[in-house]
Amino acid sequence: MTDPWLVVGLGNPTDRYARNRHNVGHMVVALLANRAGARWTSHRSRTLVAEVRVGVLPGGVPGPRVVLAKSTGYMNVTGGPVAALARSLGIEAARILVIHDDLDLPLGILRLKVGGGEGGHNGLKSITQHLGTRDYARLRLGIGRPPGQMDPADYVLRDFVKVEQPEISVVLEEAADAVVDVVVNGFDKAQMVLHTDRSRPT
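Residues numbered from 1 in each chain as written. Predicted model: local features only at pLDDT ≥ 70, side-chain atom pairs only at ≥ 80, totals over all residues. Heavy atoms only, no water.

> Tell me about empty space enclosed by the protein, and please be specific about residues and values.
Within this structure, the stated rule accounts for one cavity of 30 Å³ or more. In this structure, the largest cavity spans a volume of roughly 40 Å³. Val24, Gly108, Leu141, Gly142, Ile143, Phe160, Ile168, Val171 and Leu172 together form the lining of the largest cavity. Broken down by secondary-structure element, the contributors of at least two residues to the lining of the largest cavity are strand 9 (137-142) and helix 5 (165-185). (1 Å grid on protein atoms, 1.4 Å probe; cavity = no way out; pocket = protein on both sides within 12 Å on 5 of 7 lines; lining within 4 Å. Points joined across faces, edges and corners; volume = space filled by probe spheres on them. Helix = DSSP H or I, 4+ residues; strand = E, 2+ residues; numbered from the N terminus.)

Quick look at the structure:
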């Protein structure tokens with residue numbers, strides 16, 4: 001429990017992309033930082049980081065240490081900064097959790113996994129390349145498939161529409177809770193709870 005987790009939210013920088021579907025990872029780490037009242041600081045790895053403690057251990061002891069992070073560069077070059085930050089902090093791939101959007105899950109569905117393919121996600125491809133392994137944890141946030149013949153690349157760079165906003169607000173909170181569960185209770189238990197307690201279909 002003394003080793004920190006590195007929790008990385010994927011997304012693109014600047015306000016232009018801030019509310020895009022592709023930026024749900026940024027949204028979740030921002031929510032976690034806000035919950036803890038933590039401030040973002042620049043790191044030499046070309047990331048922004050916020051150190052927090054999440055959850056409460058028996059006896060009211062503050063929960064484990066977590067380093068929240070997001071790259072200051074674009075999605076497809078996330079891997080270099082993330083790998084550099086992990087090396088700087090001495091954090092192994094097994095203690096890295098990456099939060100990202102997923103076209104292959106219906107809107108609002110959350111899933112935890114370790115390893116496996118990247119599903120065409122350029123942010124994950126970059127992280128795998130620079131870490132030299134696929135064996136890191138992922139929290140997948142479903143954003144659904146694009147309508148009609150829309151190009152998926154265009155779809156992920158669009159904001160959620162108004163009718164989706166209430167659900168997305170709830171899902172971001174649930175995603176933040178899932179991160180806390182992983183850190184406090186362990187990945188396997190958090191995965192079991194997340195995958196069995198949801199009432200919505202998969």
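> Give a detailed account of the packing of helix 2 (residues 79-89) against helix 3 (residues 122-131), specifying residues and quantitative values.
Between helix 2 and helix 3, whose axes approach to 7 Å, the crossing angle comes to 45 degrees. Between helix 2 and helix 3, the crossing angle belongs to the class labelled oblique. The handedness of the crossing between helix 2 and helix 3 is right-handed. Where helix 2 approaches helix 3, its residues Gly79, Gly80, Val82 and Ala83 are matched on the opposing element by Ser126, Ile127, His130 and Leu131. Looking at the contact of helix 2 with helix 3, its residues break down into four nonpolar, four polar and no charged. (Axes fitted to C-alpha atoms, helices over the stretch in contact; angles between N-to-C directions. Parallel < 35°, antiparallel > 145°, perpendicular 65-115°, else oblique. Left-handed = near helix turned anticlockwise from the far one by under 90°. Contact = heavy atoms within 4.5 Å. Nonpolar A, V, L, I, M, F, W, Y, C, P; charged D, E, K, R; others polar.)

> Tell me about the packing of helix 1 (residues 24-36) against helix 5, and name the residues and values.
Running from N to C, helix 1 and helix 5 cross one another at 70 degrees; their axes reach a closest spacing of 9 Å. Classified by the angle their axes make, helix 1 and helix 5 are roughly perpendicular. Of the two elements, helix 1 crosses helix 5, and the hand of that crossing is right-handed. Counting all contacts with helix 1, which are made through Val24, Met27, Val28, Leu31, Leu32 and Arg35, the residues of helix 5 involved are Leu172, Glu173, Ala175, Ala176, Asp177, Val179 and Val180. A breakdown of the residues in the contact of helix 1 with helix 5 according to their chemical character gives 10 nonpolar, no polar and three charged.

> Describe in detail the sheet that holds strand 7 (residues 96-102), supporting the description with residues and values.
With mixed pairing, the seven strands of this open sheet are ordered in space as 2-3-6-1-7-9-8. Of all the strands in the sheet, just strand 2 (41-43) and strand 8 (110-114) have a single pairing partner and so form its edges. Taking each pair of neighbouring strands and ignoring which way they run, the sheet shows an average axis angle of 30 degrees. Both strand 2 and strand 3 (residues 47-53) contribute to a ladder of three bridges, which runs antiparallel. For histidine 43, the partnering residue across the bridge sits in strand 3 and is threonine 47. Its contacts with the sheet place helix 2 against strand 1 (5-9), strand 2, strand 3, strand 6 (65-71) and strand 7, and it is angled at close to 165 degrees to strand 1. Where helix 5 meets the sheet, its contacts fall on strand 1, strand 6, strand 7, strand 8 and strand 9, and the angle it forms with strand 9 comes to roughly 165 degrees. (Pairing = 2+ DSSP bridges.)

> Account for unusual backbone geometry, with residues named and values stated.
Positive phi outside glycine occurs at threonine 14, with the angle close to 80 degrees. Of note, threonine 14 is situated in the loop between strand 1 and helix 1. We note that arginine 46 has phi near 70 degrees; this positive angle belongs to a residue other than glycine. Secondary-structure assignment places arginine 46 in the loop between strand 2 and strand 3. The class of arginine 46 is exposed, set by a relative accessible area of 53%. (Buried < 20%, exposed > 50% of the residue type's maximum accessible area, 1.4 Å probe, protein only.)

By themselves, these are just geometric observations and shouldn't be taken as functional.
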